[in-house]
Amino acid sequence: MEVNNNGTPYNPGDIVYVFYRNPHTQDVANVQSAAVVNHPDQPDQLALFLYETYYPLTNDTAVYASEADAIQAYEQYFGEF
């Protein structure tokens, strides 16, 4: 199954980049790589696998195909990387 996010199809096995907020310090965000995988509890849906946790891959999730694109967006929203 493919999910389109900003017109980009994602498939299981793809490596993408997302912003990840530290759960202990909410004002800290980083660019982190994540794997696109089949969701283990919902096999007809894709998920992001990050830090041993599955996150839904939806059109509301900011996902970047390259680290450079993610860093550029990060700097736009949060300031210097």
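Treat the numbers as computed from the prediction; the structure is a model and nothing was measured.

A. View of the sheet that holds strand β6 (residues 53-56). With respect to topology, 4 strands assemble into an open sheet ordered β3-β4-β5-β6, the strand pairing being antiparallel. At either end of the open sheet lies a strand with only one pairing partner, and these are β3 (15-21) and β6. Across the sheet, the axes of successive neighbouring strands diverge by a mean angle of 45°, strand direction being ignored. Two elements, strand β5 (residues 46-50) and β6, share 4 bridges in a ladder whose sense is antiparallel. For Ala47, the partnering residue across the bridge sits in β6 and is Pro56. Relative to the sheet, helix α1 (residues 67-78) contacts β3 and β4 (29-38), its axis offset from that of β3 by approximately 25°.

B. α1, seen in detail. Under the 1.5 Å per step criterion, the end-to-end length of α1 is 16 Å for 12 residues, consistent within 8% with the ideal 16 Å. Listed in full, the buried residues belonging to α1 are Ala70, Ala73 and Tyr74. Looking down the long axis of α1, one finds its buried residues gathered within 105° of arc, a one-sided arrangement. In α1, those exposed residues whose orientation departs by more than 90 degrees from the buried face are Ala68, Gln72 and Gln76. Turning to α1, the residues buried within the fold contact β3 and β4. Looking one or two residues past α1, Gly79 carries a phi angle of roughly 100°, positive in sign.

C. Geometry of the environment of Gln45. With respect to the helices, strands and loops of the structure, Gln45 is situated in the loop between β4 and β5. Put simply, Gln45 and Thr58 are 13 residues apart on the chain and 9.4 Å apart in space, counted from C-alpha to C-alpha.

Calculation criteria
Residues numbered from 1 in each chain as written. Predicted model: local features only at pLDDT ≥ 70, side-chain atom pairs only at ≥ 80, totals over all residues. Heavy atoms only, no water. Pairing = 2+ DSSP bridges. Helix = DSSP H or I, 4+ residues; strand = E, 2+ residues; numbered from the N terminus. Axes fitted to C-alpha atoms, helices over the stretch in contact; angles between N-to-C directions. Contact = heavy atoms within 4.5 Å. Expected span 1.5 Å × (residues − 1). Buried < 20%, exposed > 50% of the residue type's maximum accessible area, 1.4 Å probe, protein only. Arc of directions from axis to C-beta.

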